[in-house]
Structures are given as C-alpha cells and as structure tokens.
Amino acid sequence: NLMFNLPDDEILPLSKEHVFWTWSAQAKVNPIAVKKAKGVYFWDVDDKKYLDFNSMTMCVNIGHSDERIIKAMQAQAGELPYAAPGMTTKIRALASKAVADVTPNKALSKILFTLGGADANENAIKLARGYTKRHKILTRYRSYHGATAGAMAATGDPRRVAWEPNLMPGVVHFLDPYRYRSTFHQSQANISEEDFARDYVNHLEEIILYERPDSIASILMETVTGTNGIIIPPSGYMQGVRQLCDKYNILMICDEVMSGFGRTGKWFAIEHWNVIPDMITMAKGLTSAYAPLGAVAMKPEIAAAFDEHAFESGLTYTSHPISLAAAVANIHAMREDNVLGNATSMGQVMRRMLNDLGESHPSVGEVRSIGLFGIIELVKDRKTKEPMTPWNQSSPEMNALKKYCMDNGLFLYTHWHTVLIIPPLIINEEQLKEGFDILDKALEITDRTVGG
C-alpha cells in the first residue's frame, strides 16, 4: 500500500520534523521508533528487541498483537465503524453489559463510555456534582487523574502545578496512607496496620469537617496509587473511607484507570477490600489500549438522578464502535485465558523476585506490589530513607539505571527515585526472570551511591 510507504530509517527524522511531543522538552526528545510488538516484547526499526516491563503506558494488559482483539476491530470496522452518540448499536449494548458484569457484585450497572481516563474522571465529577447538588471534590496529594483541566485539578502531584491557577475550582487534597514515608508515624515503626489505617481515615474525616460535609460531592481516589508510588491501601482504610462516605452522603469514586482490568489480580483493585464504590472510572486495560476508550461505571441510582433532567455533557466519540469491539474482545480474551489467575500467580512470583532484589541491593529502600503492579523505591541511605532523587526531580544515578535497562533491552518507567514494574498480565516466570536479571545488574549503579 503506497499510502503507508515509508522506509524504516525515515520514521525518526520525519517524526522529529512534524511531531509535537507531550510531557517533553521538544529539543531533548529521542523516541524509540517501534516497528512491531508481540506478547510481552516489542522491536524497534533496527530489530532490537525489548521486554516490555511497563505494558507500554501501563495499559497493554492482554499483551501485544492479540489476534482476537485485532480481528474483532477489523470485523466491526467492516460492519459499522461509527454511529452517533444518541444512537445505539449491537456493540454498544454488548459492551455496556460486558463492563457492568465485571464491576463488583455487578452493582455498578450503568455505563457511560468516554475516550480515555481523563474524561472518565471528568464525567464522574460532573455526575457526582449533578447527583449530590454539591460542589467540592476531595482527592489525594499523590494522585494523578489525567491531563485535561478538570482531571488535572483533581490531580495532586506536581504535574498539576504547571497549569495553576487556571484549573477547575472546588478540589481539596488530602494525604495518602503511605506507610514508608508516613507523615504521622515517623517515630512509630511498629504501629499496627489497622491503627495506621485508622489514623489516615481520621485525617480524612477532619478535612471533611473543616470543608463542611454538605459541600462535598465526592471523594475520588486511585484505589492503588499508580505512578506516584504503587501505594497499596492498608487493611481497613478503604472500608473506613466507605463508612465516611456513607456517614456524610458523599459519593465514593475509585479511579481504576491503571489498577483495573486484572492489574492487581482482580477485575478491579477495590475488590481486595470488599468495598463497593458508587462509581469506578476506567480506561487503559479496558481495551488493553488496542483502541482509545474510557468508561464510568455507576450505581443505577446515580443514573436515575438524570431521569427527568438532562445530563449536560457528551462526546462525539462516545461509545465508538471500533473501541467497543476492542473492549468486548479484550474482556472475552482475559476470561478465556484466565489472565486474572495469571496476574495473581505471577504476582506472587514477582513479589518474591522484588524481595530478593531488596535483600541483595543496599540502594533498595522498599519494594511494594499487588498482583503485577510493582515498584522499587531507591534510597541513598536506608536509615534516613533519603530518596535517590529529590522530590519531582531526576538524578544522574536514576538516568544511568534507566539507560542500562534500555541498552540491555528492558523497557521500563522510572518516576523520580522509583522503578515501576508493570508488565503485561500474560507474562510468565521465565520472562519475569529475564527482566529481573537485567534489573539486578542495573541496581549496582544505584548501590554505588549508598553510604558513599
């Protein structure tokens, strides 16, 4: 096909000429020119093979180039590539049911499809405000909810600061239950998990009272904090948040854009704590990124609040048929291959490998994981917990570690002083070991700075 005819060696120069890059200083960009991907690997135009330890953007949960999903998208494109948002289609009916059926206890039975995670969160906020007739949204400081203005306002991390003050008003932030660097427990190393959780729930309740409960529409949280630390809520925390929401009639929204669709070994991470939120937002693993799609799953009573007056929001590509075909095929493929079971069993293998790394490398301060959602936190000193890079910065050591991994065919994401390990959910033990062997060598770089 002449339309797609471009020699491999021209991909990078042509891209550099015309592409404007996100999250990047334009002059410093040096992207990988990717040619193909299969399973847990991808290849660049020089046929260099990479093991994908970040599922690209924490999204290719089913693995690369799954024929079942590609064929479903092709078939849908042949049958009906687009219909208006006010219409419905066979694939819209099927996709809505497929997503509703994987929510906890099938309790979030109404589905609003969006284009990705950011607008899923924005629409969840609109729904919460419309349903409660309240304005404020509470989110955590170590959160990321998306790059559009509303989602960025909800975000707690430094990506928000670049765009202030021109963001959506009404957001109040609170602290995450981050055990390793707890604000409240520096001198209480032995506090029980339950007491730890209770202190952070009490902190949230105090903020609710200061902000006036009757002004708060929702508490929006990443169930497991993503790029800002894979912070896994302690036992009792999510239950405590649910109780606060019930006590003050506040909606509980779980952002499962990264932690959903098998990442933690369950369809949604919130299932680990037997809590049913009022809404769940999702994207990424919903289609395993074969096509752009987000969704808000909500309890039917939230949808019913708009029975008599309109929900004043919408998107041209709401329920785009090709994206929905990808979602239905992805959910089916995950069931067919018991991907959740693999994420659970390989998650146990990965935890063992993480612990082994921690024991053999003095620069590892802590490792955390749930399912195939893992992180290594690197420090210059285990006693003081001084991070390998200052807050919101990079460092020569972290850059060198990442470069070593990439040079040796391991693609992963580093964030400040942490290394994220988020492979496709189809990975096996041998492939995990392949990546961890490279990491084991790379960590010798950061070890050199310890106690030096």
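Provided above is the structure to which this section pertains.
The structure presented is a predicted model; accordingly, all values stated were derived computationally and were not measured.

Caption draft 1: Geometry of helix 13 (residues 429-447). Its 19 residues place the ends of helix 13 26 Å apart at the C-alpha level, agreeing with the 27 Å of an ideal helix rising 1.5 Å per residue. The set of residues buried in helix 13 consists of Q431, L432, G435, F436, I438, L439, A442, L443, I445, T446 and D447.

Caption draft 2: Local environment of the sheet that holds strand 2 (residues 41-44). Reading across from one edge, 1-2-3-14 is the order of the four strands in this open sheet, with mixed pairing throughout. For this open sheet the edge positions go to strand 1 (34-38) and strand 14 (410-411), each flanked by a neighbour on one side alone. With three bridges joining them, strand 2 and strand 3 (residues 49-52) adopt antiparallel strand pairing. Within strand 3, the position partnered with W43 by the bridge is K49.

Caption draft 3: Highlighting the pairing of strand 1. One ladder, built from four bridges, connects strand 1 with strand 2; its direction is antiparallel. The residue of strand 2 that forms the bridge with K36 is W43. Counted along the chain from strand 1 to the antiparallel partner strand 2, the turn is two residues long, and its residue G39 has a positive phi close to 65°.

Caption draft 4: Region of the structure containing the packing of aromatic side chains. Following the criterion strictly, the structure yields twelve aromatic pairs and no others. Seen in terms of ring centroids, F42 and Y50 are 5.0 Å apart; in terms of plane orientation they differ by 10°. Their pairing is stacked. For the pair shown, F42 and Y50 are each scored as buried. The interplanar angle of 75° and the centroid separation of 5.4 Å between the aromatic rings of F306 and F311 together place this pair among those described as edge-to-face. Classification of F306 as buried rests on a relative accessible area of 16%. Owing to a relative accessible area of 25%, F311 belongs among the partly exposed residues under this scheme. Grouping aromatic residues by their ring pairs yields a cluster made of F42, Y50 and F411.

Rules and cut-offs
- Residues numbered from 1 in each chain as written.
- Predicted model: local features only at pLDDT ≥ 70, side-chain atom pairs only at ≥ 80, totals over all residues.
- Heavy atoms only, no water.
- Helix = DSSP H or I, 4+ residues; strand = E, 2+ residues; numbered from the N terminus.
- Expected span 1.5 Å × (residues − 1).
- Buried < 20%, exposed > 50% of the residue type's maximum accessible area, 1.4 Å probe, protein only.
- Pairing = 2+ DSSP bridges.
- Phe/Tyr/Trp six-rings, centres within 6.5 Å; stacked < 30°, edge-to-face > 60°.

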